[in-house]
Amino acid sequence: AGFAALSAMSATRVVVVGAGKMGAHHARVFAVTPGAELCGVLDVDRALAERVARERGAPALRTFDEALERADLVVLATPTSLHFSQAMRAIDAGRSVLVEKPIAAGAAEAAALCEAAEARGVALLVGHSERFNAVIRALARETASDRVLSIETRRTAAAPAEELCTNLAVHDIDLVALLARAPAELVASSGTADEAEILLRAGDSEARSHVARGVTRRIRSIRLRTDRATYEGDRVLGRLDRSDPNDLPPLDGREPLALQAEAAIRAILGESTGIARGRDGLSAVAVAERASAILAAAAAE
């Protein structure tokens, strides 16, 4: 009923900036999201923008100003170094923004974006799409009334040449805060520029996040212990087990990015959804930045 009502209203105009791998996926899901109309794709590579736009029945745009003119919601799937300047331009123009994670290159930029969005009265959303992974959604639902005691995550990736903590660990820092229902705080970090162990505390929960890059095998595991049960999840395979004999409901296999797009449209219309807001993105990047600084200081000794 909610989506039927959305579809009956004037559609939210969406423009995707950045037509690379993530941008192409954003264009694909927003092209079919109820209540949204994909109104353009922009990229510095004009041919790439034209191909992605053509596939989704939208125009390829030439300038950022043109994107702002056509949009109610600007989706930024550009390099992290551009997030701050592009998001700030969109906010200043009175546009809501969904920016891929990390929200910005550092906490200072992230805080400035949050303050600007709040002052302008527009939505600032962050693409922490793993919040919508079937395992994470099931864990959040199953443990909603429990006391979460500990969370352990493990993440490996085939290594973009980017900073380890703010580009990889930031995912799990956000998930710890989400599942513990409290802000994550850094306790310690150790390791190298390629592999690190990050210790966190969030409310009553202790958390440990292991992250590594340059690893061919893709791992996204989570172990969560509450005062009633222990859960083991594999976010890649979409599997979740519980220590007690009670059967868990089947996992909802809908695509996380599509669910995030639906949540974004609802959020900018004022509904409460599970999508990460600007302050969530700020909290995650601030912890990741501090963890990174500790690793860099240790390496310099």
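Read on for an overview of the structure. (Residues numbered from 1 in each chain as written. Predicted model: local features only at pLDDT ≥ 70, side-chain atom pairs only at ≥ 80, totals over all residues. Heavy atoms only, no water.)

**Quick notes on the sheet that holds strand β7 (residues 185–191)**
Cut-off, in case you're wondering: When DSSP finds at least two bridges between two strands, those strands are taken to pair. Helix and strand definitions follow DSSP, with helices as H or I runs of at least four residues and strands as E runs of at least two, each counted in order from the N terminus. The convention used is that axes are lines fitted to C-alpha atoms, helices contributing only their stretch in contact, and that angles between N-to-C directions extend from 0 to 180 degrees. By definition in these notes, contact holds between two residues if any of their heavy atoms fall within 4.5 Å.
Taking strand neighbours across the sheet as the criterion, the 7 strands line up as β7-β8-β9-β6-β10-β11-β12 in an open arrangement whose pairing is mixed. At either margin of the open sheet sits one strand with a lone partner, and together these are β7 and β12 (239–242). For this sheet, the mean inter-axis angle between neighbouring strands, taken without regard to orientation, is 10°. Direction of pairing for strand β10 (residues 219–226) relative to strand β11 (residues 230–234): antiparallel, over a ladder of 5 bridges. Looking across to β11, one finds that serine 221 is bridged to aspartate 234. Sheet strands in contact with helix α8 (residues 164–180) are β6 (148–157), β8 (195–202), β9 (205–213) and β10, and its direction is about 155° off that of β9. Lying on the sheet, helix α10 (residues 278–300) is in contact with β7 and β8; it crosses β7 at an angle near 35°.

**Topic: the sheet that holds strand β2 (residues 36–42)**
Pairing is mixed in the open sheet, where 6 strands are placed in the order β2-β1-β3-β4-β5-β13. Looking along the sheet, the strands with just one partner apiece sit at the ends: β2 and β13 (276–277). With 4 bridges joining them, strand β4 (residues 96–100) and strand β5 (residues 124–127) adopt parallel strand pairing. For valine 97, the partnering residue across the bridge sits in β5 and is leucine 124. Here helix α9 (residues 256–268) sits on the sheet and contacts β1 (12–17), β2, β3 (73–76), β4, β5 and β13; the angle it forms with β5, its principal contact strand, is near 170°.

**Things to note about the side chain of threonine 156**
Applied cut-off: Burial classification: accessible surface area is computed with a 1.4 Å probe over protein chains only, and a residue below 20% of its type maximum counts as buried, one above 50% as exposed, and the rest as partly exposed. Polar contacts, as counted here, are pairs of nitrogen or oxygen atoms within 3.5 Å of one another; within protein the pair requires one atom able to donate a hydrogen and one able to accept it, and residues that are adjacent in sequence qualify only if both atoms are side-chain atoms.
For threonine 156, the location among the structural elements is in strand β6. Owing to a relative accessible area of 4%, threonine 156 belongs among the buried residues under this scheme. Reaching out from threonine 156, the side chain makes a polar contact with the backbone oxygen of arginine 217 at a distance of 2.5 Å. Excluding its chain neighbours within four sequence positions, the residues that come into contact with threonine 156 are Ala212, Val215, Arg217, Arg218, Ile219 and Arg220.

**What to know about the side chain of arginine 131**
Residue placement: arginine 131 occurs in the loop between β5 and α7 (134–142). Here the side chain of arginine 131 touches glycine 274 through a polar contact of 3.0 Å, landing on its backbone oxygen. The residues contacting arginine 131, other than those within four sequence positions of it, are Ile136, Arg137, Asp174, Leu175, Leu178, Gly274, Ile275, Ala276 and Asp280.

**Observations concerning the environment of glycine 121**
Checked against the element boundaries, glycine 121 lands in the loop between α6 (107–120) and β5. Each C-alpha atom of the pair glycine 121 and arginine 95 lies 9.3 Å from the other, and the pair is 26 residues apart in sequence.

**Structural notes on helix α2 (residues 21–30)**
For α2, the full list of buried residues reads Gly23, His26, Ala27, Val29 and Phe30. Packed against the buried residues of α2 are β1, β2, α3 (46–55), β3, β4 and α9.

**Some details on the packing of α6 against α10**
Stated precisely, the cut-off is as follows: Relative orientations are named as follows: roughly parallel for angles under 35 degrees, roughly antiparallel for angles over 145 degrees, roughly perpendicular for angles from 65 to 115 degrees, and oblique for any other angle.
Two numbers describe how α6 lies on α10: the axes approach to 9 Å, and their chain directions differ by 170°. Between α6 and α10, the angle falls in the class roughly antiparallel. Of the residues in α10, those touching α6 at Ala107, Ala110, Ala111, Cys114, Glu115 and Glu118 are Gly278, Arg279, Leu282, Val285, Ala286 and Glu289.

**Digging into unusual backbone geometry**
Residues lysine 101 and proline 102 are joined by a peptide bond in cis, for which omega reads -10°. Along the chain, the position of proline 102 falls in the loop between β4 and α6. Backbone geometry places arginine 181, a non-glycine residue, at a positive phi of 60°. Structurally, arginine 181 is set in the loop between α8 and β7. A relative accessible area of 46% places arginine 181 in the partly exposed class.

**A few points about the pattern of salt bridges**
To keep it simple, the criterion reads: Here a salt bridge means any side-chain nitrogen of Lys or Arg lying within 4 Å of a carboxyl oxygen belonging to Asp or Glu.
All told, the structure shown has 27 salt bridges when counted by the stated rule. Among the ionic pairs, glutamate 232 bridges to arginine 223, the shortest N-O distance being 2.8 Å. Since its relative accessible area comes to 31%, arginine 223 is described here as partly exposed. The partner of arginine 242 in a salt bridge is aspartate 244, with the nearest N and O atoms 2.9 Å apart. On the basis of relative accessibility, which here comes to 17%, the residue arginine 242 falls in the buried class. Members of the salt-bridge network, linked through shared partners, are Glu130, Arg155, Asp172, Arg220 and Arg235.

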